[in-house]
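Each chain, letter by letter, is given below.
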Amino acid sequence: AQARTMKGRFTTLDVRAVLPDIRNRCIGLRVANVYDIDSKTYLIKLSRPDEKLVVLIESGIRIHTTDFEWPKNAFPSSFSMKLRKHIQSRRLVKIEQLGVDRIVDMQFGSGEAAYHVIVELYDRGNIALTDCEYVILNLLRVRTDADQDVRFAVRERYPIEAARQPEALMSEEKLRELLATAKEGDSLKRFLNPHFMFGPAVIEHSLQQVGFPLDTKLGTNVDVTADVHRILTALSHAETYLQDAGTKSMKGYVVQKQQQTVQMADIATTTELLTYEEFHPMLFCQHEAKPRVEFDTFNQAVDNFFSKLGSQKLDMKQLQQEKSAMKRLDNVKKDHEKRVVELRKAQDTDAYKAQLIECNVDLVDRAILVMRNLVAHAVDWTEMGQMIKEAQAQGDPVAKAIKTLRLDVNKFTMLLTEPFLGDSDEEEEEEDALSSSRKSKSKAKGTVVDIDLDLSAHANARSFYDQKRFAAKKEHKTLEASGKAMKAAEKKTRQALKEVAVTTSIRKARKVFWFEKFLWFISSENYLVIGGRDSQQNELIVKRHLRPGDVYVHADLHGATSCIVKNPSGSPIPPKTLHEAGSMAVCNSAAWDARIVTSAWWVHHDQVSKMAPTGEYLTTGAFMVRGKRNFLPPTQLAVGFAVLFRVDDSCVEKHLHERQSRVAELLDDLEVAGEEEAIALESDEEEQIECRLLCCMSTHIDIVFVG
């Protein structure tokens, strides 16, 4: 089977499936701004009161709404500026697909004031800005369509009528003629895909539904003559899927691929890494056995798929780095193991050679004597070698044992065998310690042993025993060093795995609450308090957000913010919340810089109006307050910052009522303590009663008034 590549762009089915989701969410919203991520990707920010959405367009690839925060260019491109100029503050009136092509037409505004943003999602892609008559005002990429003799450029008309229109499914006879042109062994899905608009995934799903196996081959699994009707039935199913896709919102499925990743604990372990491979608006037969993620809408599936591509690339990079780190560690282990094996092998070899010399001590001494005589008579090395060959030809046992001459290092090589092999049980037990391959080699051919001319046979044997002991010491030191080296290598590998930890560059955007554009905080009794940052926001919060039951808090200081304590229940607001709201009003005024301790005041919502007395005028952010003002105690100039954590929507029920009013809890504790002390007071004397009452009273006052 051929390796599957990751899906990277929309098919016709995807375009039809995503548009209902975009229509349901975006129609009627106004364009707030336009941003560009790169030269091909743009964000259109749409908004209406209490709602904001972002449509992401990538030329030639995709279009969908996004809930993620994408990195924007610091300076907008000329194309972004052109889009801002023409569509900013206009409503999105219509979004539709042109025919069955992968072209999306977005209309902003209506009538003669309408503008169209046309997005091409095929080939290299394109984005065109046109007026109401489809005359191109700006274009992402100028091109010429040679097949239709159409030039796409500014001041040319965009040919919307040239879009591919739906066609009736071909007849059985035409399908048979088409299949006759195919080569034997070709994939049926790959052959049909260029001739139909359904896409390879839909075609493969439809073929499996009518009984064809996965990756059907022409001539192998398909008889062109007998199976034409089944193929036509599959294509009819595919056409039905395509037609149904644009009529309703569909679920989304992201098919995943399993990758092996490496982790370091006390030992290396492997775990599975699931990466995104494909996205589809329906679950196809070929994907039922694969791991997948299901989403409520296809738009969410596409948004999550592409938002994870960046982090997925980092995951794959991390995977490669982990494998590289583990490979280095494995190489260190293998290197140390190899060195230890070689040292043990050298010990066995040296011991064996020493034993061979001891077994052939007479032969070795005679050979040493012969070689010394030849050297003493200053025989030429070449002539010496010729003399040894002649002696070997005559059957001399000493000459036969001499293999090569190494007179440059004062040595010669002998081929020695074990003359008493198998003569005694003791020798057999000694031979059992040797490998079977070495024993067979010794029996058949013997072993090559270097003999030093300066030493006797026994001294040569002792030399090999010394080499064995030296190798044993070296093995011991190597094992000790290996332990330290392995610990250092494992530590370095763990550090390397920590350093390649992945951080996602694209994160999901948090939903911003309506009050976050103002100064705001949650009081000790869980009341929302908001205040204006400037005179325009002061005007806005009173006109739009001051409701019956709310309280207006202000201070008679220059620059003091207008605060509102939201009170949807209408119950009396506790003094501590009013005092905290007053602190907010005073701290956001000229008193902060002047370090003046003063008081704020509060009134009910119906005492605040924008109606000035006759002959007077109220500026922006100024209001008329009628009736009694309720002054609060002087406040300290102290503010703080808090970090709030928002739980996931699925966990909200588990955390209900966790944030209780601190003052209410203390008052409840005080009430319980008061009841317990009241029981104890019955047996106390009168002086003790007065002391305890004073103690309880002071505690109550501290709780209520100290802020």
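Below, the structure is looked at part by part. Sequence positions are assigned chain by chain, starting from 1 and proceeding in written order. Restriction of local features to residues with pLDDT of at least 70 applies here, the model being predicted, together with a cutoff of 80 or more for giving and counting side-chain atom pairs; totals for whole chains, interfaces and linings are based on all residues. Hydrogens are left out, water is left out, and the side-chain values use all remaining heavy atoms of the structure.

## A short note on the sheet that holds strand S21 (residues 528–531)
Our working rule: Following DSSP output, two strands are said to pair if at least two bridges run between them. Counting from the N terminus, the helices are DSSP H or I runs at least four residues long and the strands are E runs at least two residues long. Contacts: residue pairs with any heavy atoms within 4.5 Å of one another. Axis angles are defined between N-to-C directions and span 0 to 180 degrees, where every axis is a line fitted to C-alpha atoms and, for a helix, only to the segment in contact.
Ordered by their spatial adjacency, 6 strands build an open sheet running S20-S21-S23-S22-S24-S27, and the pairing between neighbours is antiparallel. Two strands bound the open sheet, and with one partner strand each, they are strand S20 (519–522) and strand S27 (630–631). Docked against the sheet, helix H14 (residues 535–545) engages S21, strand S22 (551–554) and strand S23 (563–565), running at close to 135° with respect to S21.

## Section: the pairing of strand S17 (residues 411–416)
As judged from the 4 bridges shared by strand S16 (residues 402–406) and S17, these two strands associate in the antiparallel manner. Directly across from Thr404, in S17, lies its bridge partner Thr413. Hairpin connection, S16 to S17: the antiparallel pair is bridged by 4 residues, and Asn410 has positive phi, about 65°.

## A closer look at the state of the cysteines
Our working definition: When two cysteine sulfur atoms lie within 2.5 Å, the pair is treated as a disulfide.
In this structure the tally under the stated criterion is 0 disulfides. A disulfide-free cysteine, Cys587 has its sulfur positioned 10.0 Å from the sulfur of Cys563, the nearest such atom.

## Comments concerning the sheet that holds strand S1 (residues 30–36)
Read across the sheet, 4 strands follow the order S1-S2-S3-S4 without closing on themselves; strand pairing throughout is antiparallel. Looking at the sheet topology across the chains shown, the edges are occupied by S1 and strand S4 (62–65). Taking each pair of neighbouring strands and ignoring which way they run, the sheet shows an average axis angle of 15°. Across 8 bridges, the pairing between strand S2 (residues 41–48) and strand S3 (residues 51–58) is antiparallel. Across the sheet, the residue bridging to Leu46 is Leu53, located in S3. Seen against the sheet, helix H1 (residues 12–26) touches S2, S3 and S4 and runs at an angle of roughly 35° to S4. Along the sheet, helix H2 (residues 78–87) contacts S1 and S2; its crossing angle with S1, the most-contacted strand, is approximately 175°.

## What to know about unusual backbone geometry
Quick reminder of the rule: Whether a residue is buried, partly exposed or exposed follows from its accessible area with a 1.4 Å probe, protein chains only, as a fraction of its type maximum: under 20%, in between, or over 50%, in that order.
Despite not being glycine, Asp215 has its phi angle at roughly 55°, a positive value. Within the fold, Asp215 resides in the loop between helix H5 (200–209) and helix H6 (228–245). Take Asp215: its relative accessible area is 32%, and that puts it in the partly exposed class. For Asn410, which is not glycine, the phi torsion reads 65° and is therefore positive. Residue position: Asn410 is located in the loop between S16 and S17. The class of Asn410 is partly exposed, set by a relative accessible area of 26%.

## Focus on the packing of aromatic side chains
In this description, a pair of aromatic rings is defined by centroid distance and the angle of the planes. The test is simple: Working definition: rings of Phe, Tyr and Trp (its six-membered ring) pair if their centres are within 6.5 Å, and the pair is stacked with planes under 30 degrees apart, edge-to-face with planes over 60 apart, and tilted otherwise.
Under the counting rule described, the total for this entry stands at 15 aromatic pairs. With centroids separated by 5.3 Å and ring planes inclined at 65°, the aromatic side chains of Tyr42 and Phe79 adopt a geometry described as edge-to-face. Placement of the pair is Tyr42 in strand S2 and Phe79 in helix H2, with a sequence separation of 37 residues. Each member of the pair, Tyr42 together with Phe79, is buried. Ring centres of Phe279 and Phe298 lie 6.2 Å apart, and the angle between their planes is 35°; this geometry places the pair in the tilted category. You can see Phe279 sitting in strand S14 (residues 268–280) and its partner Phe298 sitting in helix H7 (residues 298–359), a full 19 residues away along the chain. Of the residues examined, Phe279 reaches a relative accessible area of 0% and is grouped as buried.

## Quick word on the pairing of strand S10 (residues 136–139)
Across 3 bridges, the pairing between strand S9 (residues 126–130) and S10 is antiparallel. The residue of S10 that forms the bridge with Ala128 is Leu139. The hairpin turn running from S9 into S10, its antiparallel successor, is 5 residues long, and Tyr134 in that turn takes a positive phi close to 65°.

## Things to note about the packing of H1 against H6
In plain terms, the rule: Every angle not falling under 35 degrees, over 145, or within 65 to 115 is termed oblique; those three ranges are roughly parallel, roughly antiparallel and roughly perpendicular. All residues other than Ala, Val, Leu, Ile, Met, Phe, Trp, Tyr, Cys, Pro, Asp, Glu, Lys and Arg, Gly among them, are scored as polar; the first ten of these are nonpolar and the last four charged.
Where H1 meets H6, the closest approach of the two axes is 8 Å, and the angle between their N-to-C directions is 30°. As far as their axial angle goes, H6 and H1 are roughly parallel. For the pair H1 and H6, contact is made by Thr12, Leu13, Arg16, Ala17 and Pro20 and by Tyr241, Leu242, Gln243 and Ala245, respectively. Taken together, the residues that form the contact of H1 with H6 break down as 6 nonpolar, 2 polar and 1 charged.

## Some details on the pattern of salt bridges
Test applied: A pairing counts as a salt bridge when a side-chain nitrogen of Lys or Arg comes within 4 Å of a carboxyl oxygen of Asp or Glu.
Overall, the coordinates contain 22 salt bridges when judged by the stated rule. Between Glu51 and Arg48 there is a salt bridge, with its nearest N and O atoms 2.7 Å apart. In this structure, the salt-bridge partner of Glu204 is Lys189, at a minimum N-O distance of 3.0 Å. Of this pair, Glu204 sits in helix H5 while Lys189 is found in helix H4 (residues 188–192), placing the two residues 15 residues apart along the sequence. With a relative accessible area of 7%, Glu204 lands in the buried category. For Lys189, a relative accessible area of 17% translates into the label buried. Via salt bridges that share partners, Glu172, Glu173 and Arg176 belong to a single interconnected network.

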